[in-house]
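# Remarks on the overall topology
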Amino acid sequence: MRLLVASFFLLAASLPAVADDSAELLFVRRIVPLFAEKCMACHGNDPAKLKGGFDMRTRDATMKGGDSEEPGLIAGKPEESPLYLAVTRTHDDWEPMPPKEADKLYAEQMAWIKDWIAGGAPWPDEARVKAIAKANEAKWSAEDGITVKTTGALSPDWASRKYKPEGLWAYQPVAKKNGEKALDDFITAKMPAGLKPGPAADARTLIRRASFDLTGLPPTPEEVAAFGTDYSKDANAAVKALIDRLLDSPHYGERMAQHWLDVTRYADSSGFSNDYERGNAWRYRDYVVRSFNRDKPYDQFIKEQIAGDEIDANDPEKIIATGFLRTGPWELTGMEVEKIARQRFLDDVTNSVGETFLAHSLQCARCHDHKFDPVPTHDYYSIQAVFATTQLSERAAPFLPEENTQGFEERAYLEKSLAEYESVLTKLDAVLLENAALWFKDNGKDPTKWNAAVAAARNPATPKQGPARKLGKYSDLFAAARNALTSAGAPEGDFPPKLVGFTPEQFGMERVARKGLERLRWELDRYESYALAVYGGRTRQYKTVFAPLRMPADRMSAGELEETCILTGGDPFASGTKVKPGVLSVLGSVQKTPIPDTIEGRRKAFAEWVASSDNPLTSRAIVNRVWMWHFGQPLAGNPNNFGSTGKKPTHPEMLDWLAAKFVESGWSFKALHRLIMTSEAYRRSATYPDLKALREKDALGTSYAVFQPRRLSAEELRDAMLAATGELNRTLGGIPNRPEINLEAALQPRQVMGTFASAWVPNPKPEQRHRRSLYALKLRGLTDPMLEVFNAPTPDFSCERREASTVTPQVFSLFNGQSTQSRALALAHRAMKETRSDKEAIARVFALTFSRPPNAEETQSCLAHWRDIEALLGDEKPPTQKPPLEVRRDAVEENTGEKFSFNEKLHAYAEFVPDLQPADVPAHTRALADVCLALLNSNEFAYVY
């Protein structure tokens, strides 16, 4: 950079009389670096290769111009200066400069050139430039920003760029000294002038708020009553006891896991067009629940998820933890170029680690040095190099005593499908053998070798070939005979072609059955003691993947030892400079353990850097998330982005104070919850006595003068309904369950692995279907419409913050949806069983949904509506719905382009036990269900205040 700048002063001319001081300052501050960045590559760096003969190394040469023999600039007259007209692209006579559209100047840069020329185009010599720069260094640094030391920038200009100090807040060490301040002191200090804190919330509001926050479930009427009594005696003691009780609840881990899995993009399938099920992903989900329930220190939580296998390969829990690295929508199944698939995984895991733990979207630096933050492309690939020896595997991990292995008997439904596919392929194999005999006859070929190959394939002692044989029991004699002859070098023309003589329907059914067997491999893995995990080793080649990958015995010797390179433009086939495993160089001083270049140990060392108490990104990022989980908004507005484009903290001192407290407590989540939830800010009411003043002085709600209400998340809505009706199965963990969803969505055709995915069939028994929403099978290609319409995030991308939109389809789902209708009926049935009069039933329903009794007006209104609905219903008994036992599939066979159809059997429906049906209860109960439906659709039920 200094050489480029110095070239401007080789033959500097004396200044014209019209030059002024401001133009001279502008030249030093803006014009010199601008010319160096945008112009000198073509007009001065190499005097022998000047484009257009235009030399910009001196003022005289610039004014002289180039081959056009027109002056380059006219001092004092920018509108007549070709240099200015070229950069503004406003004159047809002058070629735009710089010529590339991507390099054109911003409006501000054009204005600099205009003002400089208007000021006389001064061009001081090098000594004068240095004197001006030194005299203004402090002022300009404050205005323009500061430089940041990083490693491996792709250009000198990027390395010397300046950053606004306020945009670098997240990289600064966490301020640990704030005296004896309490959390509320920070809130009060930032309260807008004239605004006072709102009143405290009442006991019912507070227990409902805390219960949903820490367990995702409503309090029982009995818990509300007991807390109200304790609160009236000693509010502070009651609140502390409540928080301790909720933190000790096993459902605490479930609630926190829902938050964490939003960030990590958990799903039970791989996504995109290859959305097959990841049978054992559920074990990672349950690991997260256990970790929160045990209050596992966050630094340990980090290390296990990034490098659990390198910490202790003999501990199943740590193997399961590495499922984090597999949560993205990506898998290797031979559906795309292998190198691209591999790079997709490396890009995915690099960015996921950055967003999840460091609040940095690192993918911005994949193709070029980060445009806004001090993250060079070199750092991106250094972090990627950490994972260059990370390989995918479903690793053996014995079930832990605390893991829930109930419900494994449902694999029988998959085995029925397995038997059906085998039966289809066995029949088709017999057809192929018949067609083969006809082929030999029609083509006048000798079948002797063929018959011998078929006979050998029938011999039980013959080693079986082909991927389908590894799972199924069908004969597949035709394929075995072909493989044997091909391996022996027989010409293709000497034996029948693949799938000889098939009809379009047979072509189609062969593919459906064969691909169905492949798909079942992953689904059946759900019931085996394997974990969705990774291992350290060389990269192997997988041309086609037919089954879950197991860790090979020769993982350290067979395959390629990947050397990570900077990929030019992010292109997997454009390798550039090689890089070593590393960390963010802007925080390199935090690194205590060097990252080795060995096959194993890279992730462990990197995880120690991430989880270091000195890493300011890590503690700030998680504390910011926890604050948001309680208050609905983060202190720093973008939990996945602490860079300069993210929203800055509203209370930076408090964020640091919380981060320091969190680390000092041993990275304890439960200690952090207690610190936040015992504060006055958390315990405030959602109502404020002067709403006008509140709106005027705190339009964004960042003063915390009042508690901001929030709508229940999609999962909380469903779980709260099941809790109110008494149907909720509170068992922790285990294989995913399948609740009832909209039938049209459940039976829609869906393509997976080149064939049809299985239809969504709910669990046969209500107690299986009515588990918490956290445990529902989460398929990327098929979401529950009710959860989707209430803003459940797609797991394709990390969800840093749940949104709460209000759209018309929510009405149809919550008021007209079958699930809500069933819950309303179950709630009415429960109320009738637990009370002795209609008035008591209404009171019970209010207690179960709103955690309070109804007032006199509400009671009378509900009783009147109940009577009116019962009169409308009459004595006619409603019909009973029967579940479908099969669904028709229509498809086009890809080999022939012909249509074919088949029936998919829905085995679990054969044993289906429906929820309580309207026909099962009298009209009086059905009429009360209409009242319950209205309450379940109310704001008071759907919101936490």
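Residues numbered from 1 in each chain as written. Predicted model: local features only at pLDDT ≥ 70, side-chain atom pairs only at ≥ 80, totals over all residues. Heavy atoms only, no water.

### Let's talk about the overall build of the protein chain
Along its length, the protein chain carries 38 helices and 10 strands. Here the C-alpha coordinates of the protein chain stretch approximately 105 × 95 × 55 Å along the principal axes. Across the 945 residues in the protein chain, those meeting the buried criterion constitute 54%. Taking contacts inside the protein chain between residues at least 6 apart in sequence as the whole, the part at least 24 apart equals 72%. Charge centroids of the protein chain, computed over 121 positive and 129 negative side chains, lie 3 Å from each other. (Helix = DSSP H or I, 4+ residues; strand = E, 2+ residues; numbered from the N terminus. Buried < 20%, exposed > 50% of the residue type's maximum accessible area, 1.4 Å probe, protein only. Contact = heavy atoms within 4.5 Å. Lys, Arg positive; Asp, Glu negative; His and termini not counted. Charge placed at Lys NZ, Arg CZ, Asp CG, Glu CD.)

### What to know about helix H37 (residues 923-936)
Its 14 residues give H37 an end-to-end C-alpha distance of 20 Å, which sits within 8% of 20 Å, the value for a rise of 1.5 Å per residue. Of all 14 residues that make up H37, 11 are buried, and the element is covered over most of its length. Among the residues making up H37, those that are buried are Ala923, Thr925, Arg926, Ala927, Leu928, Ala929, Val931, Cys932, Leu933, Leu935 and Leu936. Residues of H37 that are buried sit in contact with helix H29 (714-725), helix H33 (808-816), helix H34 (818-834), helix H35 (838-850), helix H36 (856-873) and helix H38 (939-942). (Expected span 1.5 Å × (residues − 1).)

### Quick notes on the layout of surface pockets
The rolling of a water-molecule-sized probe over the atoms marks out the regions of remaining empty space. Considering only enclosed or pocket space, the second largest pocket measures out at about 1,300 Å³ in volume. In terms of lining residues, the second largest pocket is bounded by 48 residues, among which Glu740, Gln818, Ser819, Gln821 and Ser822 are the most central. Looking at the lining of the second largest pocket element by element, the count peaks at 8 residues for H34. Looking at the lining of the second largest pocket residue by residue, the class counts come to 26 nonpolar, 12 polar and 10 charged. (1 Å grid on protein atoms, 1.4 Å probe; cavity = no way out; pocket = protein on both sides within 12 Å on 5 of 7 lines; lining within 4 Å. Points joined across faces, edges and corners; volume = space filled by probe spheres on them. Nonpolar A, V, L, I, M, F, W, Y, C, P; charged D, E, K, R; others polar.)

### Quick notes on the pairing of strand S9 (residues 899-905)
Of the two faces of S9, only the one carrying Phe900, Phe902 and Glu904 is buried; Lys899, Ser901, Asn903 and Lys905 on the other face are not. As paired strands, strand S8 (residues 886-892) and S9 are joined by 7 bridges and run antiparallel to one another. For Val887, the partnering residue across the bridge sits in S9 and is Glu904. Once S8 ends, the chain turns through 6 residues before running back antiparallel as S9, passing Gly897 with a positive phi of about 75 degrees. (Pairing = 2+ DSSP bridges.)

### Quick notes on the packing of aromatic side chains
Throughout the structure, instances matching the rule amount to 44 aromatic pairs. Ring geometry for Phe408 versus Tyr527: centroids 5.5 Å apart, planes at 75 degrees, classification edge-to-face. A residue pair is termed long-range when its members are at least 10 positions apart, and Phe408 in the loop between strand S1 (390-396) and helix H20 (411-443) and Tyr527 in the loop between helix H23 (504-524) and strand S2 (530-536) qualify at 119 residues. A relative accessible area of 18% means that Phe408 is categorised as buried. Three or more aromatic residues joined by ring pairs form one cluster here, namely Trp260, Tyr284, Tyr287, Phe292, Tyr298, Phe301, Phe324, Phe357, Phe662, Trp667 and Phe669. Across the ring face of Phe707, the terminal group of Arg209 is positioned such that the distance to the ring centre comes to 3.6 Å. Directly above the ring of Tyr530 sits Arg550, whose terminal nitrogen or CZ lies 3.6 Å from the centroid. (Phe/Tyr/Trp six-rings, centres within 6.5 Å; stacked < 30°, edge-to-face > 60°. Lys NZ or Arg CZ within 6 Å of the ring centre and 35° of its normal.)

### Considering the side chain of Gln917
Secondary-structure assignment places Gln917 in the loop between S9 and H37. Dropping the residues within four chain positions of it, Gln917 is found in contact with Leu825 and Gln881.

### Concerning the confidence of the model for the protein chain
Of the residues in the protein chain, 95% have a pLDDT of 70 or more, and the chain-wide mean is 92. Every residue in residues 1-18 scores below 50 in pLDDT, and together they form 43 contacts with partners more than four places removed in sequence or on other chains. The low-confidence segment residues 466-471 (pLDDT under 50) makes 17 contacts with residues lying over four places distant or belonging to another chain. (pLDDT = per-residue confidence, 0-100.)

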